[in-house]
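# Structural features, examined
Listed below are the residues making up each chain.
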Amino acid sequence: MKLRIFTEPQQGATYDDLLAVAQAAERLGFDAFFRSDHYQRIGPGEPGPGSTDAWITLAGLARETSRIRLGTLVTPATFRLPGPLAITVAGVDQMSGGRVELGLGTGWFDDEHHAYGIPFPPVGERFARLEEQLEIITGLWASAKPFSYEGAHYGLIDSPALPKPVQRPRPPIIMGGTGARRTPALVARFADEYNVPFRSVEDTGAAFSRVREACAAAGREPIVLSVAQTVCAGSDEAEVARRAAAIGEDPDGLRSGGLAGTPQEILDKIGRFAELGAERVYLQVLDLGDLDHLELIAAEILPHV
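Residues numbered from 1 in each chain as written. Predicted model: local features only at pLDDT ≥ 70, side-chain atom pairs only at ≥ 80, totals over all residues. Heavy atoms only, no water.

## A few points about the packing of helix α2 (residues 54–64) against helix α3 (residues 82–96)
- Taken N-terminus to C-terminus, the directions of α2 and α3 make an angle of 15°; their axes are 8 Å apart at the nearest point. Taken together, the axes of α2 and α3 are roughly parallel relative to one another. Note that α2 runs across α3; the crossing there is left-handed. Seen from α2, the contacting residues are Trp-55, Leu-58, Ala-59, Ala-62 and Arg-63; seen from α3, they are Leu-85, Thr-88, Val-89, Val-92, Met-95 and Ser-96.
- In terms of residue class, the contact of α2 with α3 is built from eight nonpolar, two polar and one charged. (Axes fitted to C-alpha atoms, helices over the stretch in contact; angles between N-to-C directions. Helix = DSSP H or I, 4+ residues; strand = E, 2+ residues; numbered from the N terminus. Parallel < 35°, antiparallel > 145°, perpendicular 65-115°, else oblique. Left-handed = near helix turned anticlockwise from the far one by under 90°. Contact = heavy atoms within 4.5 Å. Nonpolar A, V, L, I, M, F, W, Y, C, P; charged D, E, K, R; others polar.)

Here is the structure:
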């Protein structure tokens, strides 16, 4: 089991905040640093400095880290055209020496689209656009000659299909969600990893089963399975309560809906996800100023997974 640090900068974080967390995560031995791709705070509360662009910050982190893997969970297909996105990700992959992973999804947060003038079509069209984007991005990265594509939403004519990413055949593609039909089908066609975010052990197991069935039907080998869970660790109950209060949560709610409690409690729940086949856990860290939290997880949890 690999542990990855996952941040939510739209809740209010500067590049320097993210840099401190990414460099601490690398120093402490975590497998990856990931961030969400949002432009606006989700839910009530002070926006602080606001959000930052995901791929701009990952480009910066690519030059200021050396080992840790970097990626998005997940980039909305609504935010960027597929051709330029393929160029961006390939560029950051080069800048990092081949450490980038692309999480890609339909997009869901309508408020940020309206706030920044980004079209937000109905869900059926968003899935159709996501499918075309996956076809285009993987096609551009794989093509050894000029690449053309004609779809309902995007068209490319004699693209030079450059630059290429460092990783071959391509950077890993991560897809998530718990949809019963369209998500498993797209995962089976395009993804290297399937992530279930913020669901119970039981719901996660059902989602994993649907993806396994879709992969088998498509003739694919099993892919990497992962989960994302909010983390709130403490050496004792008082520390758990303090960290929960700092992110506006209740310890009992975090215990049932995330990974909260003492290191042993968290290890026990991680073990339940491992029994389902999860190979990676994305630890959603919401208080980016609490680097002692990462130190505790690295000392008391990371060595035992």
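## Details of the packing of helix α1 (residues 15–28) against α2
- It is at 10 Å that the axes of α1 and α2 come closest, and there the two elements cross at 45°. What the angle tells us is that α1 and α2 run oblique. Where α1 crosses over α2, the two elements pack in a sense that is right-handed. On α2, the residues that touch Tyr-15, Leu-18, Leu-19, Ala-22 and Gln-23 of α1 are Thr-57, Gly-60, Leu-61 and Glu-64.
- Residue composition of the contact of α1 with α2, grouped by class: five nonpolar, three polar and one charged.

## Section: the pattern of salt bridges
- A full pass over the atoms with the stated rule returns 17 salt bridges.
- The shortest N-O distance in the salt bridge between Glu-101 and Arg-4 comes to 2.9 Å. Placement of Glu-101 in strand β5 (residues 100–105) and of Arg-4 in strand β1 (residues 2–7) is noted, with a sequence separation of 97 residues between them. This pair shows no difference in class: Glu-101 is buried, exactly as Arg-4 is.
- Of the charged contacts, one joins Arg-280 and Glu-193 as a salt bridge, the two residues approaching to 2.4 Å between their closest N and O atoms. Residue Arg-280 is found in strand β12 (residues 280–285), and its partner Glu-193 is found in strand β9 (residues 193–197); the two are separated by 87 residues along the sequence.
- Among the residues examined, Glu-193 registers a relative accessible area of 1% and is labelled buried.
- Salt bridges linked by common partners bring Arg-4, Asp-31, Arg-69 and Glu-101 together as one network. (Salt bridge = Lys/Arg side-chain N within 4 Å of Asp/Glu carboxyl O. Buried < 20%, exposed > 50% of the residue type's maximum accessible area, 1.4 Å probe, protein only.)

## Points about the packing of aromatic side chains
- Going through the model one piece at a time under the given rule, you end up with five aromatic pairs.
- Ring centres of Tyr-39 and Phe-79 lie 4.7 Å apart, and the angle between their planes is 15°; on these two criteria the pair is classed as stacked. Taken together, the residues Tyr-39 in the loop between β2 (32–35) and α2 and Phe-79 in the loop between β4 (75–76) and α3 connect sequence positions 40 residues apart.
- The class for Tyr-39 is partly exposed, based on a relative accessible area of 24%.
- Members of the aromatic cluster, connected to one another through ring pairs, are Tyr-39, Phe-79 and Tyr-116. (Phe/Tyr/Trp six-rings, centres within 6.5 Å; stacked < 30°, edge-to-face > 60°.)

## Topic: α1
- Counted at 1.5 Å a residue, the expected span for α1 with its 14 residues is 20 Å, and the 20 Å between its end C-alpha atoms agrees.
- Gly-29 lies just past α1 and shows a positive phi near 100°. (Expected span 1.5 Å × (residues − 1).)

## Concerning α2
- Turning to α2, its buried residues number three or more, namely Ala-54, Trp-55, Thr-57, Leu-58, Ala-59, Leu-61 and Ala-62.
- In this structure Asp-53 caps α2, since a side-chain oxygen of it lies 3.1 Å from the backbone nitrogen of Trp-55. (Polar contact = N/O pair within 3.5 Å; in protein donor to acceptor, adjacent residues only side chain to side chain.)

## Notes on the side chain of Arg-126
- Tracing the chain through its elements places Arg-126 in helix α5 (residues 123–142).
- Despite its burial, Arg-126 remains without a salt bridge, the nearest opposite charge being carried by Asp-110 at 8.0 Å. (Lys, Arg positive; Asp, Glu negative; His and termini not counted.)

## Observations regarding the nonpolar core
- Ile-5, Phe-30, Phe-33, Trp-55, Met-175, Tyr-194 and Leu-283 are the most contacted members of the largest nonpolar core, which has 77 residues in total.
- Phe-34, Ile-174, Ala-228 and Tyr-282 belong to the second largest nonpolar core, which has seven residues in total. (Core = buried A, V, L, I, M, F, W, Y, C linked by side-chain atoms within 4.5 Å.)

## A closer look at the pairing of strand β8 (residues 173–176)
- Sheet analysis places β5 next to β8, joined by two bridges and oriented parallel. Across the sheet, Gly-103 pairs through a bridge with Ile-174, a residue of β8.
- Where β8 and β9 come together, three bridges link them in parallel fashion. Bridged to Gly-176 within β9 is Asn-195.
- In this view, the connection linking β8 to its parallel neighbour β9 by way of helix α6 (residues 182–190) has right-handed handedness. (Pairing = 2+ DSSP bridges. Right-handed = clockwise from strand over helix to strand, strands pointing away.)

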